[in-house]
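Working through the structure, step by step
Each chain, written out:
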Amino acid sequence: MSASLSSRKTDCETVSGKTLANGAQTAINLAAGGILTIDLAALRTNYKILAEQLRPTRAAAVVKANAYGLGIERVAPQFYAAGCRDFFVAHLGEALDLQPHIGKDAAIYVLNGLQPQTESLCADHHIVPVLNSFEQLQNWANLCKMRKRKLPALLQIDTGMSRLGLSEAELNTLLADISVLNMMDIKFIISHLACADNEQNPQNRAQLQHMQNVLQLLPDYPVAFSNSGGSFMENAYHFDLARPGIALYGGAPQENKPNPMQPVVSLQARVIQCRSVAAGTAVGYGGSYMTQTETRIATIAVGYADGLPRHLSNQGAAFYKNTRLPIIGRVSMDSITLDISALPDGTLKLGSLVELIGKHQSLEQLASDAGTISYEILTGLGQRYQRNYINDIPA
Ligand SMILES: *Cc1c(COP(=O)(O)O)cnc(C)c1O
């Protein structure tokens, strides 16, 4: 598939626009604060797991926010190669960025809706807007009238999240006169679950019931309802198209349940200095950690500017092989300090790598130590890592 070939590029081949000799490139990789490895085969496998889980429901791929921070031009072709033909982004700009990297037979939908005066651009590029309000419906209908064409769109109904989609009142206005719907080609009616990460939450069933009530009134349209969590709930939640995001990237679709997805991301950070300090020594900004005994410390070259939240201060850990190395002191912008006393002296030295996400510590574990969710960790990882994309589709 040519889209995947054209998307292939050497990582970090320039610095400030200057092309570098190979040796310099190796040195720059060695100088990066960490290595972010993205397993492209795991992305394809995760898509297939979801497609299998959902069949006969179709599985879309949500690739908003630069494919959850992992690089849309490298990630999207993997889902396309695995059979995905429905892609969701948040913004029209993201849709246009995505388009060259997938086949022309794939549909691209814009979740955040349609901004006034962007209707023509959207239609010219065959991007499908999600219409979230009556105003957006009318704007799209006007364009359909002008172009004398039933342009495709999705219609979102708010079933209880109060974020996007037609309110109850707007739905009633629409139902009083549905001629506006007949001017366009509504591909799916969609809604979004607010609590699908917890199957037991009664809001799930309430939203499903709400959706079923709406469908009594608008029976002729296919439906797209579930995100990752909903994709692992009972079939009633699946309808015609599901919109998983986080599960594709290896995140757990539901909390308190084993994660059925393959890990996609691993993150290693480089040691930039080691030291031994006496008992009663302050570590890091604000002196928030005080050593109790003589302590060996490694400073690693990643910080909150690399997406490791400041909430990890004195919280969570890195790993070296099986050894847990607690984070001590505050997370700085460009570095974190680890207590490495559990390792034999000299194990870690300048340039050594420790694991932040990988075999010993899952993305979910790091996120929970940081008081956040996997989504926020992935989308925050930042641009300073050496990014290694492995297991690409064979050329
Ligand atoms: C982000 C998003 C998704 C994907 O959700 P995950 O929890 O990542 O699976 C699906 N639908 C909508 C409307 C979204 O905003």
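Residues numbered from 1 in each chain as written. Predicted model: local features only at pLDDT ≥ 70, side-chain atom pairs only at ≥ 80, totals over all residues. Heavy atoms only, no water.

Comments concerning the nonpolar core
Convention followed: Only buried residues count toward a nonpolar core. Its members are Ala, Val, Leu, Ile, Met, Phe, Trp, Tyr and Cys residues joined through side-chain atoms within 4.5 Å. Burial classes: relative accessible area under 20% of the type maximum marks a residue as buried, over 50% as exposed, and values in between as partly exposed (1.4 Å probe, protein chains only). Numbered from the N terminus, helices here are DSSP runs of H or I no shorter than four residues, and strands are runs of E no shorter than two. For every domain, the bounds stem from an assignment made automatically or drawn from a database. By definition, residues are in contact when any of their heavy atoms lie within 4.5 Å.
By size, the foremost hydrophobic cluster in this structure holds 115 residues, and its most contacted members are Val-63, Phe-79, Phe-87, Trp-140, Met-184 and Tyr-249. Of the residues forming this core, the biggest block, 7 residues, is contributed by helix 3 (residues 40-54). Formed jointly, this core draws a minimum of three residues from each of two domains, domain 1 (40-249) and domain 2 (265-390). Those residues in contact with Trp-140 that lie beyond four places of it in its chain are Leu-114, Glu-119, Cys-122, Ala-123, Ile-127, Pro-129, Leu-131, Leu-151, Pro-152, Ala-153 and Met-184.

Points about the domain arrangement of the protein
Stated precisely, the cut-off is as follows: When two parts are brought into contact, each loses some accessible area as probed by a 1.4 Å sphere; the total of that loss over both is the buried area. Think of a salt bridge as a Lys or Arg side-chain nitrogen and an Asp or Glu carboxyl oxygen that are within 4 Å of each other. Throughout this entry, Asp, Glu, Lys and Arg are counted as charged residues, while Ala, Val, Leu, Ile, Met, Phe, Trp, Tyr, Cys and Pro are counted as nonpolar. The remaining residues, Gly among them, count as polar.
Partitioning the protein into structural domains gives domain 1 (40-249) and domain 2 (265-390). The gap between the C-alpha centroids of domain 1 and domain 2 is 38 Å. With 10 residues of domain 1 at the contact, the number on the domain 2 side is 8 residues. Both sides of the domain 1 and domain 2 interface together cover about 930 Å² of buried area, and 62% of this is carbon and sulfur. The interface formed by domain 1 and domain 2 contains 0 salt bridges. Looking at the side of domain 1 that touches domain 2, the elements that each hand over two or more residues are helix 3 and helix 4 (64-68). Class assignment for the residues of the side of domain 1 that touches domain 2 results in 7 nonpolar, 2 polar and 1 charged.

Brief notes about the side chain of Thr-299
Looking at where Thr-299 falls in the secondary structure, it is placed in strand 16 (residues 295-300). When near neighbours in sequence (up to four residues on either side) are disregarded, Thr-299 contacts Arg-270, Val-271, Ile-272, Gln-273, Ser-335, Ile-336 and Thr-337.

Examining the packing of aromatic side chains
The condition is simple: Note on ring pairs: Phe, Tyr and Trp rings are taken, using the six-membered ring of Trp, and paired if centres are within 6.5 Å. Classes follow the plane angle, with under 30 degrees stacked, over 60 edge-to-face and the rest tilted. Working rule: Lys NZ or Arg CZ, within 6 Å of ring centre, within 35 degrees of ring normal, means a charge sits over the ring.
Counting across every chain of the model gives 7 aromatic pairs. Ring geometry for Tyr-68 against Tyr-249: centres 4.6 Å apart, planes inclined by 20°, an arrangement best described as stacked. Taken as a pair, Tyr-68 in helix 4 and Tyr-249 in the loop between strand 12 (241-242) and strand 13 (265-277) lie far apart in primary sequence, 181 residues in all. As far as the burial class goes, Tyr-68 and Tyr-249 line up, both buried. These aromatic residues form a ring-pair network of at least three members: Tyr-47, Tyr-68, Phe-79, Tyr-249 and Tyr-375. In this structure, Arg-85 is placed above the aromatic ring of Tyr-80, and the distance from its NZ or CZ to the ring centre is 3.6 Å. Across from the ring centre of Phe-88, 5.9 Å away, lies the NZ or CZ of Arg-243, which sits over that ring.

Focus on the pattern of salt bridges
Evaluated as defined, the whole model comprises 11 salt bridges. Across the pair Arg-58 and Asp-86 runs a salt bridge, and its minimum N-O distance is 2.9 Å. Of this pair, Arg-58 sits in strand 4 (residues 58-59) while Asp-86 sits in strand 6 (residues 86-89), placing them 28 residues apart in sequence. Here Arg-58 falls in the partly exposed class, since its relative accessible area comes to 43%. In this structure Asp-86 comes out as buried when scored by relative accessible area, which is 2%. Its salt-bridge partner being Asp-334, residue Arg-384 comes within 2.9 Å of it at the nearest N-O pair. Highlighted residues: Arg-384 in the loop between helix 14 (374-379) and strand 21 (386-390) and Asp-334 in the loop between strand 18 (323-328) and strand 19 (336-339), separated in sequence by 50 residues. When its relative accessible area of 36% is taken as the criterion, Asp-334 is described as partly exposed.

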